[in-house]
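# Per-entry structural report
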There are 2 protein chains.
Amino acid sequence: MAYKKGKNTVIIEKNVGIASSAAVGSTKEGEGPLGKDFDIIGESRFGMETWEKAESRMQELCRDVVLKKASLSTDCIDYLFAGDLLNQCIASGFAARSGNIPFIGLYGACSTFAEGLGLSAVFCDAFAENCLAEASSHFCSAERQYRFPLEYGGQRPPTAQWTATAAGSALVSKNPKLAKIKAVSFGRVQDLGITDQNSMGAAMAPAACCTVAGFFRDTGFSFSDFDGVFTGDLGFMGAEIFKELMRAEGFEPGKNYNDCGLMLYERERQQVECGASGCGCSAGVACCHLFPKIAKGELKNILLVSTGALLSPTSVLQKESIPGVAHLVWLSSLD
Amino acid sequence: MAYKKGKNTVIIEKNVGIASSAAVGSTKEGEGPLGKDFDIIGESRFGMETWEKAESRMQELCRDVVLKKASLSTDCIDYLFAGDLLNQCIASGFAARSGNIPFIGLYGACSTFAEGLGLSAVFCDAFAENCLAEASSHFCSAERQYRFPLEYGGQRPPTAQWTATAAGSALVSKNPKLAKIKAVSFGRVQDLGITDQNSMGAAMAPAACCTVAGFFRDTGFSFSDFDGVFTGDLGFMGAEIFKELMRAEGFEPGKNYNDCGLMLYERERQQVECGASGCGCSAGVACCHLFPKIAKGELKNILLVSTGALLSPTSVLQKESIPGVAHLVWLSSLD
C-alpha cells in the first residue's frame, strides 16, 4: 500500500505502472527530433471545424490508440484523469463525452500530465484496476487564448516558448507493461514574483526545484541515482535557471538532466526560441518517447517532473505575478 | 481499505470524514436563508482590488477558519484539492500560493467541491492524514467572464441561475469530527444536446441522474434510505428535470430531496430566477449548513451530489452543446 515518505513523497508500493501509452502531434511535432515516435501526426485541424475541437479530437485519438495497444475497451477503465490549458478545460471536458468513463477533471496548467499520472498511481495502488492520464495542448488554440490572434503575426521575444500541438495518454494499471511507477511527489505552488508572461520557464523553475529538491531530501537520492531527470517544459532559459537553483540546494544536475521542452523540437531549425511548452509537451514526450525507452531498457530509472504556470490573461492584465507548480513521478523499468 | 462496489462506487472503509468545515459568502448570501450559518460574510471585494483577487481571498479566509477550527497549521495538511470557474482556475492557483501545501488543482466546474471531497477521501483512506477540499465562485468574476460586463445590466431569462459569491473549505481527515465519508462516486460526462447556456440546470440534470442512479444500483439504496439527497446547483428547472429522470429510472425522489441551488437564496425575494449556481454553491451550502447539521444529529445519512456544466464561452460561440458531470459523496453521522 502507498505510504508517505518525508514531507512530499508518496511511495507506490504495489506493482502499479504504465501499461500502454500513446501520443498524437501535428506537423511541427512530426518534423521534430521525436517525430517518428508519435503514434499519429495529423494536420492542425484534425478534420474538425475549430482548433478547440481539434484539441478534443486529439485526446480522443490518443485514447483510442492507448486502449487498442492494451487490448482494452473503455468499459475496463475505472477513471479518466484529464486536463488542458483552454478556458474551462473544454478540450478535456468535451473529449470525455465519448467513452463513458468516470471523469476527474484536472487543472495544473502544463503540470497536468504528471498530476494525472500521480493521481492514477495512487488510485491504482488503492483500489482501481485501470486509469487513464491524459493531457493536451494546441498551438493555435493556446496562442489566440493567451496572446494574439494568429493572423496578427505578433513577434515572439527570445524567452518565448512554442505551445506544442500534442496530446498524450497513458494507461496506468496494476498490470504494467512499459514502466513501473515507484513514487509520486505532488508539488507546492511557488511564486518568486516573475511577471513576464513571455518568460514562463523562469516562473516555473522555482517550482521544479522545490519539488525535485524535496523528493531528493525525502528519499536520499540525487541526480546521479537516475539515468534521466526530465522537467516538464521549462525550455532553455527555465532549464538553466532550474540547474542554478538546484546547485544552490546542493544538488548537481549532470548530463542525465534534460527538459521535455528541449526535446520536442530542434530549437534553431524549427524557430521555437526557448523550446516547447504546453500540457501536451511533457505528455507527448513521455508517452511517445520516455515510456517506450524504459520498456526497451534504454532508460532504467527516471524522474518526470511536469511544470505548470498557473497564470491567466486576466491575472496578467491585473499585474499579478506568475505562480508555478511541478509534480514529480518516479518511473523505472519493470524488473 | 477503499474498494469498488459495482460500476461506479468506491466504499471508503476506514474512519475517514470531515474534521471541520468553513464557508465564506457575501452580502446576498448573508441575506439568504443560510446567512447565519456562514462563518464570514464580507462585501464583494473582500478588501482586494479586483473580483478575481477577492475570490482568491475568500478561499484563503475559508482555509484560515477551517484550520483554526481544527487547531491545525498548514504544515499538518498533506494536500490541497481546489478549483473554481475562472479561466485557468486562477482563484485557486493564486490562493494556493499561501500556506505552502502540496496543491492538486481541479476543474470540474460546479462539481469541483464533491470532486475534491471524493479525492480527499480516497487519499485519506489510502495514506494521507489531512486533506483540504476547497471550491469557490464569485458572481462578479463569473458574470463578466461567462456573460456580460456587469455595467451592461443584461437581462436574465427565467431559467437563469445566480452564481454564488461563496467559498467552502472542508478538512477531510482520519480523525473526523463532523461527519464520516462512507462512499464516493465519480461521475461520467453526460451530454443530451442542451445548447442554451442560460439553462444549465437542464444540461446538468442528466449527469446528476446518471451518478445518483448508478450509486443506487451499486448499493441497492434508494432515496428513502437517506434523510437528505442534495444535488449541486441544478436550480428549480434542473431539479424538476432531475426528479423526472430519476422516476424514469425507477427511483422516486421524496421530500428528502433538495438542491443546494434552491437552499442558498430565497428565490422570489432575492430575485435569483431558478436559484443559485457556481462552485461555491454546493461548497458553501455543504460546509456551512449540511456538515454541521450532520454533526448535530439533525441529518444522519445524506448524499451530496455536486453538478458541473463543462462549457466555456468559446464552446458556446462554437455552437457546442453543454456536457455535464456530477460527483457524489455519501456522508453519515459519526456513530
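Attention here is on the structure that accompanies the text.

Parameters and conventions
Each residue is numbered by its place in its chain's sequence as written, counting from 1. As they are written, the chains are lettered A onward and the ligands numbered 1 onward, keeping that order. The predicted origin of the model limits local features to residues at a pLDDT of at least 70 and limits the giving and counting of side-chain atom pairs to 80 or more, whereas totals for whole chains, interfaces and linings rest on all residues. Values reported for side chains reflect all heavy atoms of the structure, with hydrogen atoms and water molecules removed beforehand. Whether a residue is buried, partly exposed or exposed follows from its accessible area with a 1.4 Å probe, protein chains only, as a fraction of its type maximum: under 20%, in between, or over 50%, in that order. Each helix is a run of H or I in the DSSP string that is no shorter than four residues. Each strand is a run of E no shorter than two, and both are numbered from the N terminus. By the convention used here, residues are in contact when the closest approach between their heavy atoms is within 4.5 Å. Least-squares fitting of one copy onto the other uses the C-alpha atoms of those residues that reach a pLDDT of at least 70 in both copies. Whenever a carboxyl oxygen of Asp or Glu lies within 4 Å of a side-chain nitrogen of Lys or Arg, that contact is scored as a salt bridge. Centre distance within 6.5 Å is the pairing criterion for rings of Phe, Tyr and Trp, where only the six-membered ring of Trp is used; planes under 30 degrees apart are then read as stacked, over 60 as edge-to-face, and the remainder as tilted. Placement of a positive charge over a ring is assigned whenever Lys NZ or Arg CZ falls within 6 Å of the ring centre and within 35 degrees of the normal to the ring plane.

Below, the discussion takes up helix α5 (residues 139-146) of chain A. Residue and element names in this part refer to chain A. Most of α5 sits out of view: seven of its eight residues are buried. If you check which residues of α5 are buried, you get Phe139, Cys140, Ser141, Ala142, Glu143, Gln145 and Tyr146. Taken together, the buried residues of α5 touch α2 (51-70), β7 (130-137), β8 (162-163) and α11 (313-317).

Okay, the relation of the copies chain B and chain A next. The two copies are related by a screw motion: chain B maps onto chain A through a turn of 180° and a shift of 0.0 Å along the axis, at an RMSD of 0.0 Å. When the rotation and shift are considered jointly, the pair of chain copies conforms to a two-fold rotation axis. Same-surface contact between copies: 100% of interface residues of chain B are shared with the interface of chain A.

For the rest of this paragraph, the subject is the environment of Cys110 of chain B. Residues and elements named next belong to chain B. Residue placement: Cys110 occurs in the loop between β6 (103-105) and α4 (112-126). Remark: the alpha-carbon pair of Cys110 and Phe216, spanning 106 residues in sequence, is separated by 22 Å. If sequence neighbours within four positions are ignored, Cys110 has contacts with Leu85, Asp233, Gly278, Cys279, Ser282, Ser306, Thr307 and Gly308.

Now for the pattern of salt bridges. Inspection of the entire model under this criterion finds 32 salt bridges over all chains. Among the ionic pairs, Arg97 of chain B bridges to Asp191 of chain A, the shortest N-O distance being 2.7 Å. Residue Arg97 of chain B is found in the loop between α3 (90-95) and β6, and its partner Asp191 of chain A is found in the loop between β10 (179-185) and α6 (200-219); the two belong to separate chains. By relative accessible area, which is 28% here, Arg97 of chain B ends up partly exposed. Here Lys293 of chain B and Glu298 of chain B are joined by a salt bridge, their closest N and O atoms 2.9 Å apart. By relative accessible area, Glu298 of chain B is classed as partly exposed at 46%. Bridged by salt links that share partners, the residues Glu49, Lys53 and Arg97 of chain A together with Asp191 and Glu320 of chain B form one connected network.

This part covers the packing of aromatic side chains. Under the defined criterion, the tally for this structure stands at 46 aromatic pairs over all chains. A ring pair is formed by Phe113 of chain A and Phe291 of chain A, whose centres lie 6.3 Å apart and whose planes are at 35°; its orientation type is tilted. Residue Phe113 of chain A is located in helix α4 (residues 112-126), and its partner Phe291 of chain A is located in helix α10 (residues 279-296); the two are separated by 178 residues in the primary sequence. Of the residues examined, Phe113 of chain A reaches a relative accessible area of 0% and is grouped as buried. Here Phe291 of chain A falls in the buried class, since its relative accessible area comes to 0%. Ring plane angle 50° and centroid distance 5.5 Å describe the contact between Phe123 of chain B and Phe127 of chain B, whose orientation is recorded as tilted. Take Phe123 of chain B and Phe127 of chain B: they sit in the same class, and that class is buried. Through successive ring pairs, a cluster of aromatic residues spans Phe215, Phe216, Phe221, Phe223, Phe226, Phe242, Phe251, Tyr257 and Trp330 of chain A. Sitting over the ring of Tyr79 of chain B, Lys4 of chain A keeps its end group 5.6 Å from the ring centre. Taking NZ or CZ as reference, Lys28 of chain A lies 4.0 Å from the ring centre of Trp162 of chain A, over its face.

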